[in-house]
2 protein chains.
Amino acid sequence: MSKQSPSRTEISSLGEFGLIEHLTDNLAMRQKSTIKGVGDDAAVLKYGEEVVIVTTDLLLEGIHFDLMYTPLKHLGYKSVVVNVSDVYAMNATPRQITVSIGVSNRFSVEGLEELYAGIKAACDFYQVDLVGGDTSSSQQGLVITVTAIGSAPPQQITYRSGAKQGDTICVTGDLGAAYLGLQLLEREKQLYLSQPDMQPDLEKQKYIVGRQLKPEARKDIVEKLAKAKVIPTSMIDISDGLSSDLLHICKQSTVGAFIEEENVPIHEEAQLMALKFKLDPITCALSGGEDYELLFTVSPNDLPAVRLLPDISLVGEIVDKEDGVKLHTKGGNIHDLKAQGWKHFE
Amino acid sequence: MSKQSPSRTEISSLGEFGLIEHLTDNLAMRQKSTIKGVGDDAAVLKYGEEVVIVTTDLLLEGIHFDLMYTPLKHLGYKSVVVNVSDVYAMNATPRQITVSIGVSNRFSVEGLEELYAGIKAACDFYQVDLVGGDTSSSQQGLVITVTAIGSAPPQQITYRSGAKQGDTICVTGDLGAAYLGLQLLEREKQLYLSQPDMQPDLEKQKYIVGRQLKPEARKDIVEKLAKAKVIPTSMIDISDGLSSDLLHICKQSTVGAFIEEENVPIHEEAQLMALKFKLDPITCALSGGEDYELLFTVSPNDLPAVRLLPDISLVGEIVDKEDGVKLHTKGGNIHDLKAQGWKHFE
């Protein structure tokens, strides 16, 4: 029978990105159809005129979602959104998805119908085809893996690596609300567990709860950029928080960045909830994650066109690598931006 | 907080295939790049001259593998094999894979290195590129999802639906050994749990244990068929057992089938082990599953060319739908073939 290896390194010592880099180091690419492998929002493959984009996400009960406050329909919807968001982050159009689920006998067929109703609603909204998948029983909880396939003209694909000094850093929508929605749901869950007859009233926090439970990918922005003939120099979707995702762009583009706190978009409801939780709103925006907004950079030439588009905030500028990745606070201080993001292994 | 729905249907009442059909019923396909969605070994997409094949599999600890007797390196290898096997079953060539894993802190970095060493060894052997994936912590056990992407000239793609009356039914390699390898490993595990100082001796059963722990996909057969200019009329990989997979072909091709027991290939070591376990070898071959051999049908025109190829058994003939799907036993009896396959939900 197999035994534990004598030398043991804890996964937490590497962290998520360290672990991925470690495990996918020195990967040989041998297929001429592989344009880009590991290391961006999605892989890029060439099978014809258009390039093909592939991205996949694994969602695990207890890690990525809590069924105590997540309706299965919303979960199905969100599991598609987080994937198509990665395709949009390549400036491409999602076309197909596959969905694999592992379910324990805790779940009924009606429960799975709800899940699939959400998946199908997202397919309708994003106009993608559900083309395959795998269904299995699970001994533990619900496991969902979605793979999204998309396409785009090759010259339109936007990597994380193209940001240049002098580019403007743009963010769509607003940040931090999904994280605050999660904090609120977690608090209500604890209240409910201690007093089951108390029903939570989330009506006044519809926005932040909606951002957590039913996020949308920024299909509209990718379409508007195309219409305005703007191809960002780099792009990523904000799943781990502005800090962490901006650091990905800076690392892969070998540049620094300077962010103005006062330009970082935060919804009023998120502002108020942050104060209630005694959290700094800007910290929620920088490190909260799960916003599924787009973070992108545009060259000075494209700036006038971008200024005309709705729901985009110009939050800073790409600077020399030597100048680091900094936040200029409203109080006039300058801080280093640090990756927070994903800490499940800790 | 969300509540259980008042009406509840147990998943086990539908079974795996019933569940998939139920959940993916009436799916609209709206992308012109979608040639084939749910319902074959893989999806078929058109993005250029060649069509693109996408398939995905979810492997869960405790359901699909037991780490007590599965070395992580073998598990990594097998998780790629089961996916590329689906691409070969479309008569296509695998090109890329994505791998998503969920791991609990029970696992060390060294353990994951072993897993990836197996994944990379399979990528080397099958010449596929690992182009992406997702890594997450898990509260439960190890979860692995692999998505394989392949391509082929459109006219070469082989669906489950093309079998015609009079076609010969072919099987590669031999069947039932992987199932018997699993039975042996399970027995040794129980012995080990009751007497931990006893080390199992599996040397004499290397073949069947190898078939379970390190299966291979039939890359060689797909290449030889292409060289011989034979395009099967239908094809599927045998993951659930000959009966179950043949029934898929018959259902989708609207035909019946007649199988000769004496032509069904069973390895000598599997024969012997079946007898030791007081199992009928043909039952193991028909219902065992996990062989990852190819089951295909060829038209009478192609039969002479197929006869010249190595490691292919001609096990029967496609007949009229009205004649059903039958087995002609060595003893001269005729039985209906029934789907056994996957029963995790029961």
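Residues numbered from 1 in each chain as written. Chains lettered and ligands numbered in written order. Predicted model: local features only at pLDDT ≥ 70, side-chain atom pairs only at ≥ 80, totals over all residues. Heavy atoms only, no water.

Student: Tell me about the pairing of strand β10 (residues 293–298) of chain B, and name the residues and values.
Tutor: Residue and element names in this part refer to chain B. Where burial is concerned, most of β10 is hidden: six out of the six residues are buried. Of the strand pairs in this sheet, strand β7 (residues 168–172) and β10 are connected by four bridges, and their pairing is antiparallel. What sits directly across from T168, in β10, is V298. One ladder, built from five bridges, connects strand β8 (residues 234–238) with β10; its direction is antiparallel. Bridge pairing in β10 places S234 opposite T297. (Buried < 20%, exposed > 50% of the residue type's maximum accessible area, 1.4 Å probe, protein only. Helix = DSSP H or I, 4+ residues; strand = E, 2+ residues; numbered from the N terminus. Pairing = 2+ DSSP bridges.)

Student: Give me the lowdown on helix α7 (residues 242–253) of chain B, citing residues and values where you can.
Tutor: Residue and element names in this part refer to chain B. Here α7 contains 12 residues, and its C-alpha end-to-end distance of 16 Å stays within 8% of the 16 Å for a straight helix at 1.5 Å per residue. Within α7, nine of the 12 residues are buried, which leaves the element mostly enclosed by the surrounding structure. Among the residues of α7, L242, S243, S244, D245, L246, H248, I249, C250 and S253 are the ones counted as buried. Following α7 by one or two positions, T254 has its phi on the positive side, about 55°. (Expected span 1.5 Å × (residues − 1).)

Student: Give a description of the packing of aromatic side chains that names residues and reports values.
Tutor: Aromatic ring pairs are described here by two measures, namely the spacing of the ring centres and the angle between the planes. All names here are of chain A. Scanning the model with the defined rule gives four aromatic pairs over all chains in all. With centroids separated by 6.2 Å and ring planes inclined at 50°, the aromatic side chains of Y88 and Y126 adopt a geometry described as tilted. With Y88 in helix α2 (residues 72–88) and Y126 in helix α3 (residues 109–126), the pair connects residues that are 38 residues apart, well separated along the chain. The buried category is assigned to Y88, whose relative accessible area is 2%. Following the ring pairs from residue to residue traces out a cluster consisting of Y88, F125 and Y126. For the cation-ring pair, K214 lies above Y77, with the distance from its terminal atom to the ring centre recorded as 4.2 Å. (Phe/Tyr/Trp six-rings, centres within 6.5 Å; stacked < 30°, edge-to-face > 60°. Lys NZ or Arg CZ within 6 Å of the ring centre and 35° of its normal.)

Student: So what about the domain arrangement of chain A? Which residues, and what values?
Tutor: Residues and elements named next belong to chain A. Looking at the assigned domains, one finds that chain A contains domain 1 (32–156) and domain 2 (168–336). With 24 residues of domain 1 in contact, the opposing surface of domain 2 contributes 24 residues. Across the domain 1 to domain 2 interface the summed buried area is about 2200 Å²; carbon plus sulfur atoms make up 58%. Three residues stand out in domain 1 for area buried against domain 2, namely Y69, K78 and Y88, and they jointly supply 29% of the buried area on that side. (Domains from an automatic or database assignment. Contact = heavy atoms within 4.5 Å. Buried area = accessible area lost by both parts, 1.4 Å probe.)

Student: Could you give an account of the sheet that holds strand β11 (residues 312–319) of chain B, naming the residues involved and the relevant values?
Tutor: Residue and element names in this part refer to chain B. Across the sheet, which stays open at both edges, the seven strands sit in the order β8-β10-β7-β11-β9-β12-β13 with mixed pairing between neighbours. The open sheet has two free edges, formed respectively by β8 and β13 (334–336), since each of these has just one partner strand. On average, each strand axis in the sheet is tilted by 25° relative to the strand beside it, whichever way the strands run. Against the sheet, α7 makes contact with β7, β8, β9 (256–260), β10 and β12 (325–328), and its axis sits at roughly 155° relative to β8, the strand it touches most. (Axes fitted to C-alpha atoms, helices over the stretch in contact; angles between N-to-C directions.)

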